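Breakdown of the fold
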Amino acid sequence: MERYLRNFKTITPKEQEKLQLSKVCIIGTGGIGGYVVEQLGRIGIGEITAIDADVFEESNLNRQILSTTKNIGQPKALTAQERMTLVNPDIKVNALHLAFDETNGEGILKGNDVVVDALDNISTRIMLADFCAKLGIPLVHGAISGWYGQISTVFPEDDTIRKILKANLQKGIEKELGNPAFTPAVIASLQVSETIKILLGRGELLRNKLLFIDLLRNEYEIMGI
Amino acid sequence: MTIRVRLFATLREGRGKDLEIEKVQNGRELIEKLQIKEEDVAIFFVNGLHANIGVELKSGDEVSIFPPVGGG
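Let me sum up the structure you'll find in this document. The numbering scheme is per chain: residues are counted from 1 as the chain's sequence reads. Naming scheme: in the order in which they are written, chains are lettered from A and ligands are numbered from 1. pLDDT decides what is reported in this predicted model: residues at 70 or higher carry local features, side-chain atom pairs at 80 or more are listed and counted, and totals for whole chains, interfaces and linings draw on all residues regardless.

Helix numbering and strand numbering both begin at the N terminus, where a helix is a DSSP run of H or I of at least 4 residues and a strand a DSSP run of E of at least 2. Broken down by element type, chain A carries 8 helices and 8 strands. C-alpha atoms define the radius of gyration in this analysis, and the globule rule sets the expected value at 2.2 Å times the number of residues to the power 0.38. For a compact globule of 225 residues, the expected C-alpha radius of gyration is about 17 Å, and chain A comes in at 16 Å, within 12% of that figure. Taken along the three principal axes of its C-alpha coordinates, chain A extends 45 × 40 × 40 Å. Within the span of chain A, comprising 225 residues, buried residues form 47% of the whole. Working definition of a contact: two residues with C-beta atoms, positioned from the backbone, lying within 7 Å. Taking the intrachain contacts of chain A between residues at least 6 apart in sequence as the baseline, contacts between residues at least 24 apart amount to 68%. Whether a residue is buried, exposed or partly exposed is read from the other C-beta atoms within 10 Å of its own C-beta, which are placed from the backbone; 20 or more gives buried, 12 or fewer gives exposed, and intermediate counts give partly exposed.

Turning next to the nonpolar core. Only buried residues count toward a nonpolar core: Ala, Val, Leu, Ile, Met, Phe, Trp, Tyr and Cys, linked into one set through C-beta atoms within 7 Å. Within the largest apolar cluster, 78 residues are counted, with the highest numbers of intra-cluster contacts made by Ile26, Ile27, Val36, Ala50, Val115 and Val116 of chain A together with Ile65 of chain B. Broken down by element, this core gets its largest block of residues, 7 residues, from helix H8 (residues 182-200) of chain A. If near-sequence neighbours (up to four positions away) are discounted, Ile26 of chain A is found in contact with Gly33, Val36, Val37, Ile48, Thr49, Ala50, Ile51, Val116 and Ala118 of chain A.

How big an interface is tends to be stated in terms of the accessible area lost upon association of its parts. Counting from both sides, the interface comprises 32 residues of chain A and, opposite them, 18 residues of chain B. When contributions to the side of chain A that touches chain B are tallied by element, the ones reaching two or more residues are helix H2 (31-43), strand S5 (139-145), strand S6 (148-154), helix H6 (160-164), strand S7 (209-214) and strand S8 (219-224) of chain A. Polar here means any residue outside two lists: the nonpolar Ala, Val, Leu, Ile, Met, Phe, Trp, Tyr, Cys and Pro, and the charged Asp, Glu, Lys and Arg; Gly therefore counts as polar. Looking at the side of chain A that touches chain B residue by residue, the classes come out as 15 nonpolar, 11 polar and 6 charged.

Attention now goes to the pairing of strand S3 (residues 92-96) of chain A. All names here are of chain A. With 5 bridges joining them, strand S2 (residues 47-51) and S3 adopt parallel strand pairing. Note on S3: the bridge partner recorded for Glu47 is Lys92. Following the chain from S2 across helix H3 (residues 76-87) to the adjacent parallel S3, one finds a crossover that is right-handed. Two strands are said to pair when DSSP picks up at least two bridges between them. With its strands directed away from the observer, a crossover is right-handed exactly when the path from the first strand over the helix to the second travels clockwise.

Attention now moves to the pairing of strand S4 (residues 114-117) of chain A. All names here are of chain A. With burial as the criterion, each face of S4 is covered, one bearing Val114 and Val116 and the other bearing Val115 and Asp117. With 4 bridges joining them, strand S1 (residues 23-27) and S4 adopt parallel strand pairing. Bridged to Ile27 within S4 is Asp117. Both S4 and S5 contribute to a ladder of 3 bridges, which runs parallel. Note that in S5 the partner of Val116 across the bridge is Val140.

With that settled, the discussion passes to H2 of chain A. Residues spaced three or four apart along an α-helix face the same direction, because each turn holds 3.6 residues. Residue and element names in this part refer to chain A. Multiplying 1.5 Å by the helix residue count minus one yields the expected span of that helix. Over its 13 residues, H2 extends 19 Å from the first C-alpha to the last, a length consistent with the 18 Å expected when each residue adds 1.5 Å. Buried residues dominate H2, accounting for 10 of its 13 residues. Among all positions in H2, only Gly31, Ile32, Gly33, Gly34, Tyr35, Val36, Val37, Glu38, Leu40 and Gly41 are buried. Taken together, the buried residues of H2 touch S1, S2, H3, S4, S5 and H8. Remark: Gly44 follows H2 within two positions and exhibits a positive phi of approximately 105 degrees.

The following block contains the structure:
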């Protein structure tokens, strides 16, 4: 298919088929999640589920790729779905305009091959990691604050999230630093790359590792967890 | 008893990047000496391995400290 010509030889036609048969769930379609949907949709993930309870606000325009002056007030998840029907109608996008929580988590995640964490708070991330562990689904964690970001790939038997996030905190240093345009794009791209490698079973993963990125000083630190 | 400390991101502000701290017995004493609040420490590594903040420290240990990052 011509649409995927430039995917080859980064991936093989057989691997492309594998992506078309894959299901990925993205929790949060704001700063990070918007870029994740964009890239997973373009590369050709067969079924994407995008979840976000929020609607676009003017303050999202500085960084959230899905936000425009025309869709302020519109649900983020539905916007992700609408955009993908324009970009790649060959894939299926399920849009859920709701908050991920204890009551619906299992039902939302079940059946997915990989889950991408694009949330904006710490406590929900811990809940998400617990659900993924219970359901046996790999999770690709990503978070940003100002010039800084971090990612890690978490398999069901790993305890990475509880080691790198503090359960008693809701927000990190982003409450003082804000979130600019470029940091979510960087972190999202790395999460998508990890997702594709998990699905294809090749390359090296940031499993039991944390990649911490300091874009202000160009420092990229990988620590063992 | 010298502990080498590497601070990351906002923790460097007013403190610097690579420090040498003396006379501390554990992680909690170390951050106290650096005037870092415990809630501002998300990840604490000793010699490249994840550790709890209460961990005993010995001379020559290298500690890396990261702040919490939670935005999306």
